[in-house]
There are 6 protein chains.
Amino acid sequence: MDTLHHLIDTALDEDIGPGDITTDNLIAPDLKGKGVIIAKEPLVIAGLDVARQVFERLDSKILLNSGYYDGDTIKEGEIVLEVEGKLRALLKGERTALNFLQRLSGIATNVRSFVAELENKNVRLADTRKTTPGWRVLEKYAVRVGGAYNHRMGLYDGVLIKDNHIAVCGGIIEAVARIRGKISHLVKIEVEVSDLSEISQALEARADVIMLDNMDIDRIKEGVELIDGRALVEVSGNITRSDLNRLADTGVDIISIGALTHQAKAVDLSMKIK
Amino acid sequence: MDTLHHLIDTALDEDIGPGDITTDNLIAPDLKGKGVIIAKEPLVIAGLDVARQVFERLDSKILLNSGYYDGDTIKEGEIVLEVEGKLRALLKGERTALNFLQRLSGIATNVRSFVAELENKNVRLADTRKTTPGWRVLEKYAVRVGGAYNHRMGLYDGVLIKDNHIAVCGGIIEAVARIRGKISHLVKIEVEVSDLSEISQALEARADVIMLDNMDIDRIKEGVELIDGRALVEVSGNITRSDLNRLADTGVDIISIGALTHQAKAVDLSMKIK
Amino acid sequence: MDTLHHLIDTALDEDIGPGDITTDNLIAPDLKGKGVIIAKEPLVIAGLDVARQVFERLDSKILLNSGYYDGDTIKEGEIVLEVEGKLRALLKGERTALNFLQRLSGIATNVRSFVAELENKNVRLADTRKTTPGWRVLEKYAVRVGGAYNHRMGLYDGVLIKDNHIAVCGGIIEAVARIRGKISHLVKIEVEVSDLSEISQALEARADVIMLDNMDIDRIKEGVELIDGRALVEVSGNITRSDLNRLADTGVDIISIGALTHQAKAVDLSMKIK
Amino acid sequence: MDTLHHLIDTALDEDIGPGDITTDNLIAPDLKGKGVIIAKEPLVIAGLDVARQVFERLDSKILLNSGYYDGDTIKEGEIVLEVEGKLRALLKGERTALNFLQRLSGIATNVRSFVAELENKNVRLADTRKTTPGWRVLEKYAVRVGGAYNHRMGLYDGVLIKDNHIAVCGGIIEAVARIRGKISHLVKIEVEVSDLSEISQALEARADVIMLDNMDIDRIKEGVELIDGRALVEVSGNITRSDLNRLADTGVDIISIGALTHQAKAVDLSMKIK
Amino acid sequence: MDTLHHLIDTALDEDIGPGDITTDNLIAPDLKGKGVIIAKEPLVIAGLDVARQVFERLDSKILLNSGYYDGDTIKEGEIVLEVEGKLRALLKGERTALNFLQRLSGIATNVRSFVAELENKNVRLADTRKTTPGWRVLEKYAVRVGGAYNHRMGLYDGVLIKDNHIAVCGGIIEAVARIRGKISHLVKIEVEVSDLSEISQALEARADVIMLDNMDIDRIKEGVELIDGRALVEVSGNITRSDLNRLADTGVDIISIGALTHQAKAVDLSMKIK
Amino acid sequence: MDTLHHLIDTALDEDIGPGDITTDNLIAPDLKGKGVIIAKEPLVIAGLDVARQVFERLDSKILLNSGYYDGDTIKEGEIVLEVEGKLRALLKGERTALNFLQRLSGIATNVRSFVAELENKNVRLADTRKTTPGWRVLEKYAVRVGGAYNHRMGLYDGVLIKDNHIAVCGGIIEAVARIRGKISHLVKIEVEVSDLSEISQALEARADVIMLDNMDIDRIKEGVELIDGRALVEVSGNITRSDLNRLADTGVDIISIGALTHQAKAVDLSMKIK
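On a predicted model such as this, the values are computed, not experimentally measured, just so you know. (Residues numbered from 1 in each chain as written. Chains lettered and ligands numbered in written order. Predicted model: local features only at pLDDT ≥ 70, side-chain atom pairs only at ≥ 80, totals over all residues. Heavy atoms only, no water.)

In terms of helices and strands, chain A carries eleven helices and twelve strands. Across its three principal axes, chain A shows a C-alpha extent of roughly 70 × 40 × 25 Å. Taking all 274 residues of chain A together, the buried fraction comes to 60%. Partitioning the intrachain contacts of chain A with sequence separation of at least 6 by distance along the chain shows that 70% fall at a separation of at least 24. Surface exposure of chain A reaches about 10,400 Å², of which carbon and sulfur atoms provide 46%. (Helix = DSSP H or I, 4+ residues; strand = E, 2+ residues; numbered from the N terminus. Buried < 20%, exposed > 50% of the residue type's maximum accessible area, 1.4 Å probe, protein only. Contact = heavy atoms within 4.5 Å. Areas by Shrake-Rupley, 256 points an atom, 1.4 Å probe, with all protein chains shown as cover.)

Turning to the interface of chain C and chain D, a few remarks are in order. Contact residues are listed per partner, giving 61 residues for chain C and 61 residues for chain D. Here chain C meets chain D over a buried area of about 5,200 Å², counting both sides, of which 59% is carbon and sulfur. Here chain C is connected to chain D by four salt bridges. For the salt bridge of Asp15(D) with Arg136(C), the shortest nitrogen-to-oxygen distance reads 2.8 Å. Taken together, chain C and chain D are joined by 29 residue pairs in polar contact (both at pLDDT 80 or more). Of all the secondary structure elements, the ones that give two or more residues to the side of chain C that touches chain D are α1 (2-16), α2 (21-26), α4 (87-116), β7 (159-161), α6 (163-169) and α7 (172-180) of chain C. No other element matches α4(C), which puts eight residues into the side of chain C that touches chain D. Among the residues forming the side of chain C that touches chain D, the class breakdown is 27 nonpolar, 19 polar and 15 charged. (Buried area = accessible area lost by both parts, 1.4 Å probe. Salt bridge = Lys/Arg side-chain N within 4 Å of Asp/Glu carboxyl O. Polar contact = N/O pair within 3.5 Å; in protein donor to acceptor, adjacent residues only side chain to side chain. Nonpolar A, V, L, I, M, F, W, Y, C, P; charged D, E, K, R; others polar.)

So, on to the relation of the copies chain C and chain D. What relates the two chain copies is a rotation about an axis together with a slide along it. Superposing chain C onto chain D takes a rotation of 180° plus a shift of 0.0 Å along the axis, which leaves an RMSD of 0.0 Å. Taken together, the rotation angle and the small translation identify this as a two-fold axis. Within chain C, Lys265(C) has its C-alpha nearest the rotation axis, a separation of 3.3 Å. A shared binding surface is used by both copies, with 100% of the interface residues of chain C retained as interface residues in chain D. (Least-squares fit on C-alpha atoms with pLDDT ≥ 70 in both.)

Accessible area lost during the coming together of the parts is what is often quoted as the interface size. With 61 residues of chain B at the interface, the matching set in chain A holds 61 residues. Across the chain B/chain A interface, buried area totals approximately 5,200 Å², and carbon plus sulfur atoms make up 59% of it. On the chain B side of the interface with chain A, the three residues burying the most area are Glu14(B), Leu26(B) and Pro133(B), jointly 15% of the side's total. Summed over the shared surface of chain B and chain A, the result is four salt bridges. Here chain B and chain A share 29 residue pairs in polar contact (both at pLDDT 80 or more) between them.

For the rest of this paragraph, the subject is the sheet that holds strand β10 (residues 232-236) of chain B. Residue and element names in this part refer to chain B. Read across the open sheet, the six strands follow the order β6-β11-β10-β9-β8-β7; overall the sheet is parallel. Every interior strand has two partners, whereas the edge strands, β6 (124-126) and β7 (159-161), have only one. Averaged over all neighbouring strand pairs, the angle between strand axes comes to 25°, with direction disregarded. Relative to strand β8 (residues 189-193), β7 is paired through three bridges, and the arrangement is parallel. Among the inter-strand pairings, Val-159 is bridged to a residue of β8, identified as Ile-189. Packing against the sheet, helix α8 (residues 196-204) makes contact with β8 and β9 (209-213), and its axis sits at approximately 165° to β8. (Pairing = 2+ DSSP bridges. Axes fitted to C-alpha atoms, helices over the stretch in contact; angles between N-to-C directions.)

For any two helices packed against each other, the geometry is given by the interaxial angle and the distance between the axes. Residues and elements named next belong to chain B. Between α8 and helix α9 (residues 217-227), the shortest axis-to-axis distance is 10 Å and the interhelical angle comes to 25°. Accordingly, the angle class assigned to the pair α8 and α9 is roughly parallel. In the crossing of α8 with α9, the sense of the turn from one axis to the other is right-handed. Every residue of α9 that contacts α8 at Leu-196, Ile-199, Ser-200 and Leu-203 is listed here: Arg-219, Glu-222, Gly-223, Leu-226 and Ile-227. Considered class by class, the residues forming the contact of α8 with α9 number five nonpolar, two polar and two charged. (Parallel < 35°, antiparallel > 145°, perpendicular 65-115°, else oblique. Left-handed = near helix turned anticlockwise from the far one by under 90°.)

So, on to the side chain of Thr23(A). You can see Thr23(A) is positioned in helix α2 (residues 21-26). The exposure class assigned to Thr23(A) is buried, which follows from its relative accessible area of 1%. Non-local contacts of Thr23(A), meaning those with residues more than four positions away in its chain, are made with Arg88(A), Leu91(A) and His165(B).

With that out of the way, let us pick up a positive patch on the surface. On the surface, Arg241(A), Lys265(A), Arg241(B) and Lys265(B) cluster together to form a positively charged patch. Tracing the backbone shows Lys265(B) in the loop between α11 (259-262) and β12 (269-273). Residue Lys265(B) is classed as partly exposed on the basis of its relative accessible area, which comes to 36%. (Patch = residues over 30% accessible without salt bridge, like charges linked within 9 Å, V, L, I, M, F, W, Y side chains within 5 Å. Lys, Arg positive; Asp, Glu negative; His and termini not counted. Charge placed at Lys NZ, Arg CZ, Asp CG, Glu CD.)

Among the residues of helix α7 (residues 172-180) of chain F, those classed as buried are Ile172(F), Ala175(F), Val176(F) and Ile179(F). The arc that holds the buried residues of α7(F), viewed along the axis, is 95°, so those residues lie on one side. Packed against the buried residues of α7(F) are α2 (21-26) of chain E together with β7 (159-161), α6 (163-169), β8 (189-193) and α8 (196-204) of chain F. (Arc of directions from axis to C-beta.)

All names here are of chain D. Strand order in the open sheet made by the six strands is β6-β11-β10-β9-β8-β7, with parallel pairing throughout. Both edges of this open sheet fall to β6 (124-126) and β7 (159-161), since each of them pairs with a single strand only. With direction set aside, neighbouring strand axes in the sheet form an average angle of 25°. As defined by bridge partners, strand β8 (residues 189-193) adjoins strand β9 (residues 209-213) across four bridges and the pair is classed as parallel. What sits directly across from Val-193, in β9, is Leu-212. Helix α7 (residues 172-180) rests against β7 and β8 of the sheet, and its axis sits at about 160° to β8.

All names here are of chain A. For chain A, the domain assignment lists domain 1 (2-108 + 265-273) and domain 2 (116-262). For domain 1 and domain 2, the distance between their C-alpha centroids amounts to 36 Å. At the junction of the two partners, domain 1 supplies 13 residues and domain 2 supplies twelve residues. Where domain 1 abuts domain 2, roughly 1,000 Å² becomes buried across the two surfaces, and 73% of that area is made up of carbon and sulfur atoms. Three residues, Arg-103, Leu-104 and Ile-107, lead the burial of domain 1 against domain 2; their summed loss comes to 47% of the area buried on that side. Linking domain 1 to domain 2 there are one salt bridge. The salt bridge involving Glu-139 is made with Arg-103; its shortest N-O contact spans 2.9 Å. At the boundary of domain 1 with domain 2, the tally comes to three residue pairs in polar contact (both at pLDDT 80 or more). (Domains from an automatic or database assignment.)

All names here are of chain E. Bridge analysis of strand β1 (residues 32-39) against strand β5 (residues 79-86) gives seven bridges, and the strand direction is antiparallel. By the bridge assignment, Gly-35 is partnered in β5 with Val-83. Relative to β5, strand β3 (residues 63-65) runs antiparallel, the two being bridged by three bridges. When the bridges of β5 are listed, Leu-64 appears paired with Val-83.

What follows is about the pattern of salt bridges. Within this structure, the stated rule accounts for 66 salt bridges over all chains. Residue Asp24(B) is joined to Arg88(B) by a salt bridge in which the shortest nitrogen-to-oxygen separation is 3.9 Å. With Asp24(B) in helix α2 (residues 21-26) and Arg88(B) in helix α4 (residues 87-116), the pair connects residues that are 64 residues apart, well separated along the chain. On the accessibility criterion, Asp24(B) (26% relative accessible area) is partly exposed. Of the charged contacts, one joins Arg52(B) and Glu56(B) as a salt bridge, the two residues approaching to 2.8 Å between their closest N and O atoms. A residue pair is termed a helical-turn pair when its members lie 3 or 4 positions apart in one helix, as Arg52(B) and Glu56(B) do in helix α3 (residues 48-58) at four residues. Classification of Arg52(B) by relative accessible area gives partly exposed; the value is 28%. Bridged by salt links that share partners, the residues Asp15(A), Arg129(B) and Arg136(B) form one connected network.

Structure below.
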């Protein structure tokens, strides 16, 4: 909550700084105006409320109106959002509001295209922690808007035991036992494994989730069979959109993909003042 | 300066929050380790100092070593950076440091590919204000690392008079005159025009820079001729990499492209703990 | 991490404000001194590192020395910590350092007395969210130092479905199903129930944890039998120290008690300047 | 003023963090509800306005209604406060609002029981600086609500010369003289003394207040006689409730007790959603 | 924008701190009152909106009314501003609001007296970076209110090459060339010169502005002739009000004077509560 | 403490913002340099430590050396401070360090000239709350450096009952009685009076200090006689330097003058890079 307020303040500060020297000197403070934000390509919209907050920071009485909700698909040329209020606020907030909308909608649109590959599959597509620093909560929100699921928010709300942890503790069984004795009973334990012998250990340790890291399809199939429902199975590592279908058919429960966020590009939106 | 410190704090906070429950419970606080960050694809590196600051926030005595400087080209498989210090700091800082490096190097790498198109051309490639909110200074830095130029930092350090300003003021000549009487003598005045008649007015108003907005090549050529060195000429609007060569030959002074930043994707870097 | 830094700054600010008018006017800035912090009653110490940070904020070269670690039992009259540095820093930091130590050690000492009741019992004693606002992470740390376990950190890192959520969703089964489709696969689902019929629904919904809220011993026994290992069982609600033994014998997995934190009193520590 | 706003923000942030994953996923954003906060034991209420601010942070249009004011005595089972607004805000703010109310009312209730011992006595009961870090202003407010007086707020708004200051300055007379020449004429000077000879010096130095530190009743009586109205007399140090009556009869002006704040426990309040 | 909010918060915090102990203890919270702020000497008013924000921070429903706008001349004895709202807010905000108004109007009044010397002269009077730390944007605003112009806001929005830069780069021509290749095309380049030979170099380097530093009138005249319109000419350095007329007649374009801000004194304003 | 750190950060941020575009582009990061700050007029120096902190923020290894301490008188042309470190830090910090030194030394120099008028007089010269918003602690420090005394820091650390408080309470005696029952026993009570009858009431109410507001010399003499040592006597209101001598001879204890701070002008200091 506060994080978003702060990011919006920072964004406006870095763009406006001590003042918009063009607008402040040419546009009278009380002049009113109306702007429309238009989709310049097909997209899944995300961030309407963020855009609203940007403009409200500049004019507390500004009016926003949209026929869409986050998650809606919008065609090229359609009006995403109408904004009516002080012309200065429209001109000063335009770029910042668009920068938020373009990135968040870019992620939602990207995610939606991955999700489409998995229609009717009984598998969950999840994001990772590969997000833009400062944007974790926002980008994870855009992932949900796009139709995928969030993995843990950060290092604090889920256990993921990786090779370095295992090496230091002297084995998967020791690592899981040690951590189970320390964490809240509400947090699940996931173990990252890189071969079949480690899977056996993770099962013996009663891990809640087993992540098969960077394995090929055949090894994944073997893994799923070996686990046999005794833990959730997640696959991760360099997965592209075209792999999704085959991966889903292996029976894994979760496919996590960093590209949902870090390979998303901004979509094209523009604002016209009327 | 403070902006970056704050962004790094925010980034670590959003990832670590009240604690890395895996690492804090499994790794002893004084255990030391060494990590190497490796390029998983060819890239132009940017953000080495940001990565350093991330790790130093977690272990003030951590040692970093790199054979490269920001702007260097790095081949796939090469070591970008070595980090040596507390293992907890390596594990907790890894993702945040990589998230910074991946995005900044992604921009630098993208920019370099645009710059390559303009070799031996007497034209300046510039970025725009289409940056990730909260990242303006960092992304503009990555643009310079990639070899292009910065346009104004924000609305505060350069005048750009657009159609809405002109409409309200009653014409280009009125708008330029009014603003010249208000701003510092060190700030230049740029006017955005959309046709040739407006160019004449901008020249009459003695604009320092004239931006030809969304014009086709032929109109741009006409514009450059008409302006004839009396103002700098900038072109902008939906320009792709393949347009660059032809645009440069029109004689324009500046080509500004939002895609330098907002179409950049993260490059692939990973960290191995030894 | 940042939260603690900020709390320490706030604490010093609220005590020192624009200046310690007694010390600043009577003690020369470079005068050195030595102080010892002494236990005035038997206690379990917690917060040594917080005390260290308080003094370091006032004199970056101050030296602290202790023969104890957080969690150690200290007898009345023993020296907990020695501090050596600028006399001004000792006098200005004394009260704030003690205020931190007294409250955190008060919690650890209180928790230890509860934990002692459960020796050799196979049950986990857990805290709640009934903590001092602003102190969540610190007080939960003191609970661990005392030997008990943390429940979820906040509303963000664990699901606990209560009667109001159930009522709105139309039943336990509906509520669990709806939330399972939204949250990360690493987060467990706990359901609060108040009678046996709700237990059946929670089991049918495959809740990970079932909280028996405010039930008497006989109902708890019935509940544990009914659940029969298919979910973790937590009891909560107005539990006193003297109930612990009997509760443990019912076979529940977790006993959570707000009094661990909110009924803890400060223990008595004082500082002598030598 | 800002301190409280900040503490409320911190408290909500530490509890809600990136989101209440139970409520946000199960309760529709616009659903309304009503809650009542009930006293589960007899208490003196303090913090009603803080609770109001907590809920308003989450729903600016929430309505609060109470038949009580801070300082009122409330019986077990009575409704302290009614809250009506968005159900999400009720569920997310409940624990934080209660945590504030429970601690502040706990202090007010504790203080009131001390004050009751001094009815009809011509003596002032005062708090100390032994408060929860970050809560100084709030806890001192609860002390006033309970019926006692505040000692100085911090090290900045009153002079209290202790043994270490005296030792460094070479005596009470020297210390008082030196500080009188430096501080504002509106600040009083208090000197802590531990025997009768020091009292004489403090009187000679014309201290405004003399604190008799850790003396027994007979010595206190002697002290009061010796001072004979030439300075205010304060006693402090390990005073329990049962000592109050006898202490008051010695003729001292102020009795200060750290236990007013640091030995207060939270009182029991709960919230029911209707 | 945020800078001002923060400065107002800081100002109220440093004055009110944990509370106005006089007003909070003597004035009922809901008592209303009316105050008038009166000019005690002739002045040019600046900061009316800052004063408004100060009072609104303390009473969001306070009403302010003024017959003047920033920049108006006000005679001794006239009412500058009426404030109506909670009496507590009036009494607590009075000093802070006046402190802002007195300093900002002091600058505006001082500037106006300099500007008056240059009536009908074709020259621009500009401020410098000699402003009160923390007040840059506000004081530069007051300069504009007074009728003069702003030089660059800071080191970030204009290039000013001084002797040290030149020495390091090996000459004016080298320095200008190097920086032109790095900065945005919207930023002008100013070069500080101290003799005629340097002017030639600055012209050869095509500097946009040439600053004649600490030259006497005759040298300035020579400089203006030599430059002959090929760059803007600025003079700076120990200029007093009585020099202005003669300086203007030399034909320089800009006269910059630090005394506009750093030699301004507060004007006298007081507030009466009715 | 934190207030000063924050003000320095704000000051550097407002001057440097996203970067010193001249220095960053022309001066290599590791180049070293040396600067000397020179008094351009006779002055009392104040703020040496603030200047040090400014430069250290920009180069943590910078070395500063001064032959003077705050409060020393420095002749025109003498070196106040030598600074040696990174040239970039010298150039970027120069203006901010000077702006702090010029204002603080300006106040100290101004105060010293007032103090000189009162040599051998038994009266205390005090400042007021008429300080630059954000600078309260710093300016009050400079007042002490100049040789005068501080009045209360703000509204929180001293009681000053004015006419509006008195009117609301129904008289001086009622106001003093009411507030004595609420405030800490360490805070003195001052009452502002405007005629002799009010003095009698203030004496009856046992005010610690009586302020004679805006009275002429004869009335002040009468007041002092009437009070006759039963309270401290302060005079305030439009007092100029030339009044001091006669005022001192009336026997008042404190003369408070807002002009100590708000009529102080910056003194002239400059920095030369060698």
